[in-house]
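Now for the letters of each chain:
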Amino acid sequence: MTGSPLIEVEDLRIDLNHGSSRVAAVEGVSFRIDRGETFGLVGESGCGKSITALALIGLLRPPLSISGGTIRFDGREIQSLSAARQRALRGNRIAMIFQEPMTALNPVSPVGRQIAEMFVLHKGKSWREADQLAVEALASVRVPAPERRVKDYPHQLSGGMRQRVMIAIALACGPDLLIADEPTTALDVTVQAEIIELMRNLCAERGTAVLMISHDLGLVANVCRRVAVMYAGRIVEERGSADIFRAPSHPYTQGLVNSLPRLGSRAALGRTRLTEIAGVVPAITDFPAGCRFNPRCAHATEICRTAAPETTWLGAGGLVRCHHHA
């Protein structure tokens, strides 16, 4: 990659204040996203993906706090900005689609007014102008009869329509970076495909970079050029999406790939069980020593239980953190 990245995260550490002690919820996380690029961050629930996203947009709240590393957006270190300047970035140049639109949207405000608010706060529009722009924003995300729908409350809309409203809010001010945190959670498969295709087309038209966060490796690899795999607060592998599927290097990534149903396979037809990764992601306060995946890894040896693996650089800018990587 050439040129300066839009956003660059270096050695990020996020601590959880746990009683009188502090534990690292996210540790040593580094990645970059270029302008106009779609980058994936994937892993099971509890791996630290959403916490990382909240840090990027300046929305971490106690008991979580950034304790190390840097986040640079368009060459500026976000942590060094005043609270007012961070608010000016949020929703304007950096926007986020949250996991559950029913809780992210204000239940007592019409959706059109929630979209219009973005134009008033960040673009200095009058409410009359903003209300018209809200109609256009709903139309851009293919909500039928947008002139009528702007008056609806969130509970009057289906899950897919609420997610379209969230996309309209996020893209209202033409952000440079869109963070999409599990944007298809709780939607059925056909609606998921529509939402992902809509996001992809709108962001491509506007040159918006995307950080796509998901537990679904298949979804992320389908829409992202590069993918980082996160486990227990650390990035364990980062590769081009094609390489991730063709030759995953970390045992955790291999487990994620192997757990995906494949068209025509006996598992996909329901005749055998899908491959699964034994165990669960450990709690933040109970991360194991050494490689944090070692209790669930069939290849773990003594060094895996005592020493955290160093970064091994792979071809085409990829990396893996494993003592016994493929």
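So, a few notes on the structure that sits alongside this text. Note that the structure is predicted; figures quoted are calculated from it, not measured. (Residues numbered from 1 in each chain as written. Predicted model: local features only at pLDDT ≥ 70, side-chain atom pairs only at ≥ 80, totals over all residues. Heavy atoms only, no water.)

**Quick word on empty space enclosed by the protein**
Okay, so step 1: On inspection of all chains with the given rule, the structure shows 3 cavities of 30 Å³ or more.
Okay, so step 2: Taken as a whole, the largest cavity spans an internal volume of roughly 80 Å³.
Okay, so step 3: Together, His-250, Pro-251, Cys-291, Phe-293, Asn-294, Cys-297, His-299, Ala-300, Cys-304, Cys-322, His-323 and His-324 line the largest cavity.
Okay, so step 4: Classifying every residue of the lining of the largest cavity by side-chain character gives 7 nonpolar, 5 polar and no charged. (1 Å grid on protein atoms, 1.4 Å probe; cavity = no way out; pocket = protein on both sides within 12 Å on 5 of 7 lines; lining within 4 Å. Points joined across faces, edges and corners; volume = space filled by probe spheres on them. Nonpolar A, V, L, I, M, F, W, Y, C, P; charged D, E, K, R; others polar.)

**Here's the deal with the environment of Ser-109**
Okay, so step 1: Along the chain, Ser-109 turns up in the loop between helix H3 (101-104) and helix H4 (111-123).
Okay, so step 2: Owing to a relative accessible area of 14%, Ser-109 belongs among the buried residues under this scheme.
Okay, so step 3: Sequence-wise, Ser-109 and Tyr-153 are 44 residues apart; in three dimensions their C-alpha atoms are separated by 6.2 Å.
Okay, so step 4: The residues contacting Ser-109, other than those within four sequence positions of it, are Gln-114, Tyr-153 and Pro-154. (Helix = DSSP H or I, 4+ residues; strand = E, 2+ residues; numbered from the N terminus. Buried < 20%, exposed > 50% of the residue type's maximum accessible area, 1.4 Å probe, protein only. Contact = heavy atoms within 4.5 Å.)

**So, the sheet that holds strand E7 (residues 177-181)**
Okay, so step 1: One open sheet holds the 8 strands; their spatial order is E6-E7-E8-E3-E9-E10-E12-E11, and the pairing between them is mixed. Because the sheet does not close on itself, it has two edges, and the strands there are strand E6 (94-97) and strand E11 (312-313).
Okay, so step 2: Two strands pair when backbone bridges link them, and strand E3 (residues 38-42) and strand E8 (residues 209-214) are joined in this way by 5 bridges, in the parallel orientation. Across the sheet, Thr-38 pairs through a bridge with Val-210, a residue of E8.
Okay, so step 3: The strands that helix H1 (residues 49-56) touches are E3, E6, E7, E8 and strand E9 (226-231); relative to E8, the one it contacts most, it runs at about 150°.
Okay, so step 4: Where helix H11 (residues 251-258) meets the sheet, its contacts fall on E9 and strand E10 (234-240), and the angle it forms with E9 comes to roughly 110°. (Pairing = 2+ DSSP bridges. Axes fitted to C-alpha atoms, helices over the stretch in contact; angles between N-to-C directions.)

**Observations regarding H1**
Okay, so step 1: Most of H1 is tucked away: 6 of the 8 residues are buried.
Okay, so step 2: Of all the positions in H1, only Lys-49, Ile-51, Thr-52, Ala-53, Ala-55 and Leu-56 are classed as buried.
Okay, so step 3: Immediately beyond the C-terminal end of H1, within one or two residues, lies Gly-58, with a positive phi of roughly 75°.

**Some points on the sheet that holds strand E5 (residues 76-77)**
Neighbouring strands of a sheet are bound in pairs by backbone hydrogen bonds; such pairs are parallel or else antiparallel.
Okay, so step 1: Ordered by their spatial adjacency, 4 strands build an open sheet running E2-E1-E4-E5, and the pairing between neighbours is antiparallel. The two strands at the open ends of the sheet, each matched to only one other strand, are strand E2 (21-33) and E5.
Okay, so step 2: Helix-sheet contacts for H1 involve strand E1 (7-18), E2 and strand E4 (64-73), and the interaxial angle to E1 is about 115°.

**Digging into the pattern of salt bridges**
Okay, so step 1: Under the defined criterion, the tally for this structure stands at 22 salt bridges.
Okay, so step 2: A salt bridge links Arg-72 to Glu-10; its shortest N-O distance comes to 2.8 Å. Placement of Arg-72 in strand E4 and of Glu-10 in strand E1 is noted, with a sequence separation of 62 residues between them.
Okay, so step 3: For Asp-176, the salt bridge is made with Arg-93, and the minimal N-O distance between the two is 2.6 Å. Pair noted here: Asp-176 is in the loop between helix H7 (159-171) and E7 and Arg-93 is in the loop between helix H2 (83-89) and E6, with a separation of 83 residues, a long-range link.
Okay, so step 4: Judged by relative accessible area, Asp-176 falls into the partly exposed class, the value being 28%.
Okay, so step 5: Where salt bridges share partners, they join Arg-13, Asp-15, Arg-22, Glu-27, Arg-234 and Arg-292 into one cluster. (Salt bridge = Lys/Arg side-chain N within 4 Å of Asp/Glu carboxyl O.)

**Brief notes about the side chain of Thr-52**
Okay, so step 1: Residue position: Thr-52 is located in helix H1.
Okay, so step 2: If sequence neighbours within four positions are ignored, Thr-52 has contacts with Leu-12, Ile-14, Val-26, Phe-31 and Met-230.

**A short note on the nonpolar core**
Okay, so step 1: By size, the foremost hydrophobic cluster in this structure holds 97 residues, and its most contacted members are Ile-115, Ile-167, Leu-177, Leu-178, Ile-179, Met-212 and Tyr-252.
Okay, so step 2: With 8 residues, H7 is the largest single contributor of residues to this core.
Okay, so step 3: If we skip the residues at most four places from it in the chain, Leu-178 touches Ala-95, Met-96, Ile-97, Ala-170, Leu-171, Met-199, Cys-203, Thr-208, Ala-209, Val-210 and Leu-211. (Core = buried A, V, L, I, M, F, W, Y, C linked by side-chain atoms within 4.5 Å.)

**Remarks on the layout of surface pockets**
Okay, so step 1: Taken as a whole, the largest pocket holds about 480 Å³ of empty space.
Okay, so step 2: Forming the boundary of the largest pocket are 21 residues, of which Gly-91, Met-96, Phe-98, Met-118 and Ile-169 lie nearest the centre.
Okay, so step 3: Put simply, the parts of the chain that give the lining of the largest pocket at least two residues each are E6, H4 and H7.
Okay, so step 4: At 6 residues, H4 tops the list of elements feeding residues into the lining of the largest pocket.
Okay, so step 5: A breakdown of the residues in the lining of the largest pocket according to their chemical character gives 13 nonpolar, 5 polar and 3 charged.

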